[in-house]
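# An overview of the molecular structure
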Amino acid sequence: MDRTNDYPAPCAACGETVPAGAGVLVGLRPKGWAVYHPEHVREPGPPPRHDHPGWHRKALTSFDIAATGHRYSVDRILAAAVRGSDGTARDWLIDPGPDPLSVDPGKRHGITVERARAEGVPAVRALEELAELLAGRLAAGEPLVVWYAPYVLTMLEAELTRHGLRTLGERAPHGVAPVCDPLVLDRHADPYRSGGRSLEAVTAWYGVPHERPGDAASDAAATLALAQVLGACYPALARFSRPALHNEQLLWNAAAHGRHDPEPWPVAPFAPLPWQAHEIG
């Protein structure tokens, strides 16, 4: 049963005074209460979007991949997509080469190894083009928007290393920075929300279109839009400069995992190995 207010208070929606006993008390996270007129009580949802300045209204570039699995040492990138707030749209289907490999059953991108080999461009060419594009955006100070950045960016760095190419960190003047990870931002801004934190779940919560979850192009586009919405919903996030936002995420990511000291972010330690070094079961 909804609780009523014992004392007069302004309505959190319209600002008009709600007489004692005539309103609805709504619990706030992590603590506290808000009073509403009964007709103004809103269903649970994200904060309203505001029209304030911030990094979310400047140039952003989003990047995502489709890979055979999650193991940095041996798994391969089969597809990649870049989407920019300036309209940039680049896609790659990547031939991973002849090494023995298969796609983890949990991956939802729908790309088979056979298709990637038959229709994709050679991995060295695709990875070089991708890394050069991303390094150029980083050199301009443009944040890379990457959902679950430690996975996506570490996979890219491992693949570049495996193929004897310069890593993204070696190409960009300030390393792999600045990076904006909407997963880290959402966990920090709304840490007590129940429910899943997959890209599909979080885009649904914020009302961001996401047509084909698991598809690199669709994921990149949804991630870009989600970052812009998060900045619009949370003025406290939007006020950071782009370098400061990157640095704060180091701390927020550590806190989300119960750590006091920052852990490696946005690139995790990796040691890529050739497929021949692994037993094929």
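Quick caveat, the model's predicted, so the values are computed rather than measured.

What follows is about the layout of surface pockets. Of the volumes computed, that of the second largest pocket is approximately 460 Å³. Lining the second largest pocket are 20 residues, and of these H70, K107, W147, G214 and D219 lie nearest its centre. Of all elements in the fold, only strand 5 (61–67), helix 3 (149–162) and helix 6 (199–206) reach the threshold of two or more residues within the lining of the second largest pocket. For the lining of the second largest pocket, the leading source of residues is strand 5, giving four residues. When grouped by side-chain class, the residues that make up the lining of the second largest pocket number nine nonpolar, six polar and five charged.

Let us now look at the packing of helix 5 (residues 182–189) against helix 7 (residues 216–233). It is the contact of helix 5 with helix 7, at a shortest axis distance of 10 Å, that shows an interaxial angle of 30°. On the basis of their axis angle, the class for helix 5 and helix 7 is roughly parallel. Here helix 5 runs over helix 7; the crossing is left-handed. Residues P182, L185 and D186 of helix 5 pack against T223, L226, A227 and L230 of helix 7. For the contact of helix 5 with helix 7, the class distribution of residues is five nonpolar, one polar and one charged.

A word on the packing of aromatic side chains. For the structure shown, the criterion picks out two aromatic pairs. Measuring from ring centre to ring centre gives 5.7 Å for F240 and W252, while their planes differ by 70°; the resulting arrangement is edge-to-face. You can see F240 sitting in the loop between helix 8 (235–238) and helix 9 (242–256) and its partner W252 sitting in helix 9, a full 12 residues away along the chain. With relative accessibility at 11%, the residue W252 sits in the buried group. The aromatic ring of W33 is capped on one face by R3, whose charged end is 4.8 Å from the ring centroid. The cationic tip of R239 hangs over the ring face of F240; the distance from NZ or CZ to the ring centre is 4.5 Å.

Attention shifts here to unusual backbone geometry. The residue after A177, namely P178, is reached through a cis peptide bond having omega 0°. Residue position: P178 is located in the loop between helix 4 (168–171) and strand 10 (179–180).

Time to look at the nonpolar core. Within the largest apolar cluster, 57 residues are counted, with the highest numbers of intra-cluster contacts made by F63, I65, L168 and Y206. Residue contributions to this core peak at nine residues, all from helix 2 (residues 123–139). Ignoring sequence-local partners within four residues, the contact set of F63 consists of A80, A81, V82, L130, L134, V145, V146, V152, L153, L156 and A220. Among the nonpolar cores identified, the runner-up in size contains seven residues, and C11, V18, L25 and V35 belong to it.

This part covers the environment of L251. Considering the arrangement of structural elements, one finds L251 in helix 9. Once the C-alpha coordinates of L251 and H188 are considered, the two residues, 63 residues apart in sequence, prove to be 9.9 Å apart.

Time to look at the sheet that holds strand 10. The strand order 8-7-6-5-9-10 describes an open sheet built from six strands, whose pairing is mixed. Either end of the sheet is taken by a strand with one partner, and the two such strands are strand 8 (121–122) and strand 10. Examined bridge by bridge, strand 5 and strand 9 (residues 144–145) share two bridges and lie parallel to one another. Looking at the pairing, T61 lines up with L144 of strand 9.

Moving on, we get to the pattern of salt bridges. Side-chain pairs of opposite charge can arise where the charged atoms are in close proximity. The tally for this structure, following the rule as stated, stands at 21 salt bridges. Between E129 and R125 there is a salt bridge, with its nearest N and O atoms 3.5 Å apart. You can see E129 and its partner R125 sitting in helix 2, four residues apart, about one turn around the helix. By relative accessible area, which is 29% here, E129 ends up partly exposed. Given a relative accessible area of 48%, R125 falls into the partly exposed group. Note that D186 and R193 form a salt bridge whose closest N and O atoms lie 2.7 Å from each other.

It is worth spelling out the side chain of T88 at this point. Along the polypeptide, T88 turns up in the loop between strand 6 (77–84) and strand 7 (89–95). In this structure T88 comes out as buried when scored by relative accessible area, which is 18%. Within the structure, the side chain of T88 is placed 2.8 Å from the side chain of R137, a separation counted as a polar contact.

What counts, and at which threshold
- Residues numbered from 1 in each chain as written.
- Predicted model: local features only at pLDDT ≥ 70, side-chain atom pairs only at ≥ 80, totals over all residues.
- Heavy atoms only, no water.
- 1 Å grid on protein atoms, 1.4 Å probe; cavity = no way out; pocket = protein on both sides within 12 Å on 5 of 7 lines; lining within 4 Å.
- Points joined across faces, edges and corners; volume = space filled by probe spheres on them.
- Helix = DSSP H or I, 4+ residues; strand = E, 2+ residues; numbered from the N terminus.
- Nonpolar A, V, L, I, M, F, W, Y, C, P; charged D, E, K, R; others polar.
- Axes fitted to C-alpha atoms, helices over the stretch in contact; angles between N-to-C directions.
- Parallel < 35°, antiparallel > 145°, perpendicular 65-115°, else oblique.
- Left-handed = near helix turned anticlockwise from the far one by under 90°.
- Contact = heavy atoms within 4.5 Å.
- Phe/Tyr/Trp six-rings, centres within 6.5 Å; stacked < 30°, edge-to-face > 60°.
- Buried < 20%, exposed > 50% of the residue type's maximum accessible area, 1.4 Å probe, protein only.
- Lys NZ or Arg CZ within 6 Å of the ring centre and 35° of its normal.
- Core = buried A, V, L, I, M, F, W, Y, C linked by side-chain atoms within 4.5 Å.
- Pairing = 2+ DSSP bridges.
- Salt bridge = Lys/Arg side-chain N within 4 Å of Asp/Glu carboxyl O.
- Polar contact = N/O pair within 3.5 Å; in protein donor to acceptor, adjacent residues only side chain to side chain.

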